[in-house]
Amino acid sequence: VNGARRRIALTVNGEQRSGSVEPRWTLADFLREELRLTGTHLGCEHGVCGACTVHLDGRSVRSCLVLAVQADGAEVLTVEGLATGEHLHALQQAFWDAHALQCGFCTPGFLLTATEFLHEHPDPSEQEIREAIAGYLCRCTGYVTIVRAIRAAADTLALGSAPADAA
Amino acid sequence: MEDGGLGGLGTTPGEFARVVIDEAGGATVYSGVADMGQGFKTMLAQVCAEELALDFERVSVVHGDTSAVASGGGTWASRGAILAANATLAAARAAKTKLAAGARAPVEASCTYTQPRMTYSPGAHVVAVEVDPDTGVVTLLRQVIAYEIGRSINPGIVEGQIEGGLAQGIGGALLEHFVYDEHGQPLATSFMDYLLPTSLDMALSQTIIVSEGAPSPSNALGVKAVGEVGPSSAGAAIGNAVADALADLEPPVTMPPFSPERVFGWLNPDRSDTEGTT
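Just so it is clear, the model here is predicted, and its values are computed rather than measured. (Residues numbered from 1 in each chain as written. Chains lettered and ligands numbered in written order. Predicted model: local features only at pLDDT ≥ 70, side-chain atom pairs only at ≥ 80, totals over all residues. Heavy atoms only, no water.)

Moving on to the overall build of chain B. Of regular secondary structure, chain B possesses five helices and seven strands. Starting at the N terminus, the α and β elements of chain B follow one another as β-β-α-β-α-β-β-β-α-β-α-α. Each principal axis of the C-alpha atoms in chain B carries an extent, and together these give about 80 × 45 × 35 Å. The buried share of chain B, reckoned over its 278 residues, is 47%. Long-range contacts, defined here as pairs at least 24 residues apart, represent 71% of the contacts in chain B between residues at least 6 apart. Of the accessible surface of chain B, which amounts to about 13,300 Å², a share of 53% is contributed by carbon and sulfur atoms. Counting 14 positive and 32 negative side-chain charges, chain B places the centres of these two groups 18 Å from one another. (Helix = DSSP H or I, 4+ residues; strand = E, 2+ residues; numbered from the N terminus. Buried < 20%, exposed > 50% of the residue type's maximum accessible area, 1.4 Å probe, protein only. Contact = heavy atoms within 4.5 Å. Areas by Shrake-Rupley, 256 points an atom, 1.4 Å probe, with all protein chains shown as cover. Lys, Arg positive; Asp, Glu negative; His and termini not counted. Charge placed at Lys NZ, Arg CZ, Asp CG, Glu CD.)

Here's what the structure looks like:
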């Protein structure tokens, strides 16, 4: 039936969350409107700009292109889940330090895709970083400082994961 | 600017600022420009803190609220550093003078800062391009941009404005195009059709040189317009480079964007399936 709600239950940023959603709702709608996690930004709503990127079961997805019902039972990470308490994630700190955001609208998408990228490419070249973020639009920075921040975060994360006696 | 509007690049009728120094010795700036990421909040706090010899953290900035700020012209055309910052400086200075004359805190002063002349930053923009003869794609190999900006209140913000402006200029030169059909119906109505530059459209090597050797004589801070540096120069620099690369063909490189379709048309003037001038 058109508009009939479905019950979904999922893990968002480590917490069990549930809600009733219309089948047509996107995951972004559910996160923003139902859970009030408005850090996930909706730019183009057709999968081009990347601002709405979240992790779904560990992989980055555009939450404007995923239906909320598809996320039933999944584990979702949004930008609100990156920091640990008051302690920023290495990427967030690097973006801050490198002035990698101006208006900040695109930033959540860049942070989420870069998190996944650095997990798979812990020591990337500048060109690899450029390719990794080529599907994300930023109108403020010209990408220079974003590339710099992701590279700096790679260094920070490498230090953090190095054995204590390796320094 | 003769449009009777609110003035860009430092022209009249100027921008408003009000500075209040409170009993605790902190200060609040009320500014008519709105910060949407340009960094005005930081920059205006810096200007006020420096004038009042306060710690930067003790200055707050109120903006973007018509119930809190008496008037404002808005955020465009480098009005922030030239008009809003000089208005803030003048208001802070006037408030400080009142304190020095024996007034008791809180004291406040307002200023609507105007200046009659625009303040462009002079500079140069050099770009090396490669044109793919098979596809018409223009690749930016190296881009060097050098500007004399007078004075940098916040170097990070200045660099960010220039880098972002460059991206916007590259978009205008190579990609961005409002296309309409013969009935005036817009055809580029989403980011699928209206292409913004991505990280891979930036020059493979980019150098930005900022000089602060010649402060503007037109205003107390010595600042010049920096927001327009990238977008204003990119189209001409890239267009000239494309024309140089295809010099033998004498292409009519007069109208951006220099898109693959157009460049391919210039490269293949005899092919009937291309429209070199569309």
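Following the structure, the description resumes.
Residue and element names in this part refer to chain B. Extensive coverage of strand β1 (residues 15-21) is indicated by the burial of six of its seven residues. Pairing analysis gives seven bridges linking β1 to strand β4 (residues 107-113), with the strands arranged antiparallel. From the neighbouring strand, R18 faces β4, where its bridge partner is S110. Pairing between β1 and strand β2 (residues 27-31): five bridges, direction antiparallel. By the bridge assignment, I21 is partnered in β2 with A27. (Pairing = 2+ DSSP bridges.)

Moving on, we get to the interface of chain B and chain A. At the junction of the two partners, chain B supplies 24 residues and chain A supplies 21 residues. A buried area of about 1,800 Å², summed over both sides, lies between chain B and chain A, and 57% of it is on carbon and sulfur atoms. Of all residues in chain B, B:F191, B:S199 and B:L200 give up the largest surface area on contact with chain A, accounting jointly for 29% of the area buried on that side. Summed over the shared surface of chain B and chain A, the result is three salt bridges. Of the charged contacts, one joins B:E176 and A:R139 as a salt bridge, the two residues approaching to 2.7 Å between their closest N and O atoms. Linking chain B with chain A are nine residue pairs in polar contact (both at pLDDT 80 or more). (Buried area = accessible area lost by both parts, 1.4 Å probe. Salt bridge = Lys/Arg side-chain N within 4 Å of Asp/Glu carboxyl O. Polar contact = N/O pair within 3.5 Å; in protein donor to acceptor, adjacent residues only side chain to side chain.)

The strands making up a sheet associate through hydrogen bonds between their backbones, and the pairing can be parallel or antiparallel. Residue and element names in this part refer to chain B. Within the open sheet, the three strands sit side by side as β5-β6-β7. Their pairing is mixed. The open sheet has two edge strands with one neighbour each: β5 (123-131) and β7 (205-211). Between one strand and the next, the sheet's axes are offset by a mean angle of 5°, whatever the strand orientation. Across nine bridges, the pairing between β5 and strand β6 (residues 138-148) is antiparallel. For A124, the partnering residue across the bridge sits in β6 and is A146. (Axes fitted to C-alpha atoms, helices over the stretch in contact; angles between N-to-C directions.)

It is worth spelling out the packing of helix α3 (residues 155-175) of chain B against helix α4 (residues 229-245) of chain B at this point. Residues and elements named next belong to chain B. Two numbers describe how α3 lies on α4: the axes approach to 7 Å, and their chain directions differ by 40°. The handedness of the crossing between α3 and α4 is right-handed. Residues I162, G165, L166, G169, I170, A173 and L174 of α3 form the contact with α4, whose participating residues are V229, G230, P231, A234, G235 and I238. Split by residue class, the contact of α3 with α4 holds nine nonpolar, four polar and no charged. (Left-handed = near helix turned anticlockwise from the far one by under 90°. Nonpolar A, V, L, I, M, F, W, Y, C, P; charged D, E, K, R; others polar.)

Right, let's get into the environment of B:V33. All names here are of chain B. Positionally, V33 belongs in the loop between β2 and α1 (40-52). When the C-alpha atoms of V33 and E51 are compared, they prove to be 20 Å apart, with 18 residues separating the residues in sequence. The residues touching V33, leaving out its near neighbours within four places in the chain, are E15, F40, L44, H63, G64, G74, T75, R79 and A84.

Time to look at the side chain of B:E176. You can see B:E176 is positioned in the loop between α3 and β7. For B:E176, a relative accessible area of 10% translates into the label buried. A distance of 2.7 Å separates polar atoms of two side chains, one belonging to B:E176 and the other to A:R139. A polar contact is formed between the side chain of B:E176 and the side chain of B:Y194, at a distance of 2.6 Å. Ignoring sequence-local partners within four residues, the contact set of B:E176 consists of A:R139, B:Q168, B:G171, B:Y194, B:L195, B:L196, B:P197 and B:P257.

So, about the environment of A:V12. Residue and element names in this part refer to chain A. Among the structural elements, V12 can be located in strand β1 (residues 6-12). Sequence separation between V12 and T40 is 28 residues, and the spatial gap between their C-alpha atoms is 12 Å. The residues contacting V12, other than those within four sequence positions of it, are R17, L31, L35, L37, V76 and T78.

What follows deals with helix α3 (residues 107-120) of chain A. Residues and elements named next belong to chain A. Spanning 14 residues, α3 covers 20 Å between terminal C-alpha atoms, matching the ideal 20 Å at 1.5 Å per step. The element α3 is largely enclosed, with a buried count of twelve among its 14 residues. For α3, the set of buried residues is T107, P108, G109, F110, L111, L112, T113, A114, T115, E116, F117 and L118. Where α3 is buried, its residues meet β3 (53-56), β4 (59-62), β5 (75-77), α2 (90-98), α4 (126-132) and α5 (144-161). (Expected span 1.5 Å × (residues − 1).)

Time to look at α5(A). Here α5(A) spans 26 Å end to end across 18 residues, near enough to the 26 Å set by a 1.5 Å rise per residue. Packing partners of the buried residues in α5(A) comprise α2, α3 and α4 of chain A together with α3 of chain B.

The next thing to look at is the confidence of the model for chain B. All names here are of chain B. Looking at chain B, the pLDDT average stands at 91 and 93% of residues meet or exceed 70. Mean pLDDT per element in chain B: helix α5 (residues 260-267) is the minimum at 94, and β2 is the maximum at 98. Predicted complex metrics record ipTM = 0.91 and pTM = 0.91. (pLDDT = per-residue confidence, 0-100.)

Moving on, we come to unusual backbone geometry. Note the cis peptide between B:A105 and B:P106, where omega equals 0°. Here B:P106 is to be found in the loop between α2 (79-100) and β4. With an omega of 0°, the peptide bond between B:P256 and B:P257 qualifies as cis. Tracing the sequence through the fold places B:P257 in the loop between α4 and α5. Although it is not a glycine, A:E45 sits at a positive phi angle of roughly 60°. As for its placement among the helices and strands, A:E45 is situated in the loop between α1 (27-34) and β3. You can call A:E45 exposed: its relative accessible area is 53%. Phi at A:H99 takes a positive value of approximately 60°, unusual for a residue other than glycine. With respect to the element layout, A:H99 can be found in the loop between α2 and α3. A relative accessible area of 25% means that A:H99 is categorised as partly exposed.

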